[in-house]
Amino acid sequence: RNSALTRGKRFFHIGLFVFLLFFVGLASLFLYYAKDLPRPERLGEVALAKPSKIYDRTGEVLLYELYGEEKREFVPLPGIPRELKLAVLATEDQHFYSHFGLDWRGVGRAILINLKLRAPVQGGSTITQQLVRSTLLSREKTVARKVKELILTLELELRYPKDQILEFYLNQIPLGSNIYGVGAASQFYFGKKPNELSLAESGVLAALIKAPSYYSPYGSHKEELMSRKDYVLSRMVRSSYITQDQATEAKAQVLEFRDPGLTIKAPHFVLYVMDELLGTYGEEFLRENGLRVYTTLDWRLQEKAEQIVLTVGERNVAFDAHNAALVALVPATGEIVAMVGSKDWNGESYPAGCMSGKNCLFDPKVNVATYRIGRQPGSSFKPFAYVTAFLKGYDDTTTVVDEETNFGVWGDKEYIPKNYDEKFRGTVTLRQSLAQSLNIPSIKVLLNLAGLQESIETAHD
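Residues numbered from 1 in each chain as written. Predicted model: local features only at pLDDT ≥ 70, side-chain atom pairs only at ≥ 80, totals over all residues. Heavy atoms only, no water.

**Focus on the sheet that holds strand 1 (residues 52–55)**
No. 1: Read across the open sheet, the three strands follow the order 2-1-5; overall the sheet is mixed. The outermost strands of the open sheet, each flanked by one partner alone, are strand 2 (62–66) and strand 5 (292–294). Within this sheet the neighbouring strands show an average axis-to-axis angle of 15 degrees, counted without direction.
No. 2: Sheet topology note: the strand 1/strand 2 ladder contains four bridges and is antiparallel. In the strand pairing of strand 2, Tyr55 is matched with Leu62.
No. 3: Across the face of the sheet, helix 11 (residues 267–281) comes into contact with strand 1, strand 2 and strand 5 while running at roughly 45 degrees to strand 2. (Pairing = 2+ DSSP bridges. Helix = DSSP H or I, 4+ residues; strand = E, 2+ residues; numbered from the N terminus. Axes fitted to C-alpha atoms, helices over the stretch in contact; angles between N-to-C directions. Contact = heavy atoms within 4.5 Å.)

Set out below in structure tokens:
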């Protein structure tokens, strides 16, 4: 019995020694990294982002400046609507008011999801950690920076009440390429003060936090923004912040975004380039490193392309074709030298209200040159059929009949196409058919003269 007690004491002393050694080591680690840490008082100061600039191929024409002159407007927490605060909490940090800066449940959940997907797609950062990371530290992904982040997070939680941390966060979080805080964001996107926002508009601002440049309503990912807004509202229901009826009503609301009045040249091309940059470097890297981006765009040709699209686009309205686009590239290298994604980006020729989604026959901000969702190649595939027919010995004088034709069942219904003007022209030559982009004769060329598989092979070649 005595020997057992002696062994027990020995294990206790060893365990106590190991614990003290671990504690001293941990304290030493914290002190080592804490000696040069920025002070939390710096939260009241603004760390300006370094603008990244996008140029044409000469490097002399500035197309756009990302994160240029910053827009900020401080709003005290009582001036921020309850719905917006709850939307942010539901999406970014549901347990904000119950943890001490680190949410081990969120970290554990993120680890499990990332292990399941075998990719780091979900983080477990709390609002306090996000605030520290974006305001007091760089974005370098090192162990040292992570330790510093943890120290500052705990210090912030000890120094400030939760409401003040949330107030700091809501006034400093990036919500656009140069928009910081919910005050500036509500004015920029909706022309409103934060306390005037609807539930749906609050959902949009909360949705933008994840990737504000990617989800910008003025870019090519507006549909993704609306989907994430609906996700935010669903999270609010799950957290019992709002009812299902409130969420359903907010999801159905048609949102009106104000004209941003951005100073931007070749806007569709610039947004296309930004998508590539964001996918390669990430938003934080672009925000903090002041890149100089030299593109393939030829500004001289771009100006001509914009004028052509506007002129020809207006002329084609008589044929009930209201939009137009143009891409010019160098075939040997693939360099894009001009890109016009739609007619009249600024909406100057449209009636009042069009930019907010009303009175529009199409959205001028959408780049139809790159917009792939639900799009078929359409008439752009016709030349491949004709050139395949020419390779088989037919020529421009070969004739086909333009008449109502049932091409049989395609999919789950009969395919009886029409021409764009719903007229038939009888016997036409291939020259006449191609020049007028007639649908029925072109389908006959594809199926009867060229051959479907052969035309596909021509397109690949």
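Let us keep going from here.
**With respect to the pairing of strand 1**
No. 1: Here strand 1 shows a buried face lined by Ser52 and Ile54 and a second buried face lined by Lys53 and Tyr55.
No. 2: What sits between strand 1 and strand 2 in their antiparallel hairpin is a turn of six residues, with Gly59 showing a positive phi close to 80 degrees.
No. 3: With three bridges joining them, strand 1 and strand 5 adopt parallel strand pairing. Across the sheet, Ile54 pairs through a bridge with Val293, a residue of strand 5. (Buried < 20%, exposed > 50% of the residue type's maximum accessible area, 1.4 Å probe, protein only.)

**Considering the layout of surface pockets**
No. 1: There is about 880 Å³ of room inside the second largest pocket.
No. 2: For the second largest pocket, the lining is made up of 20 residues, of which Pro377, Gly378, Ser379, Lys382 and Asn439 are closest to its centre.
No. 3: Looking at the lining of the second largest pocket, the elements with two or more residues in it are helix 14 (382–391), helix 16 (439–450) and helix 17 (452–460).
No. 4: For the lining of the second largest pocket, the leading source of residues is helix 16, giving five residues. (1 Å grid on protein atoms, 1.4 Å probe; cavity = no way out; pocket = protein on both sides within 12 Å on 5 of 7 lines; lining within 4 Å. Points joined across faces, edges and corners; volume = space filled by probe spheres on them.)

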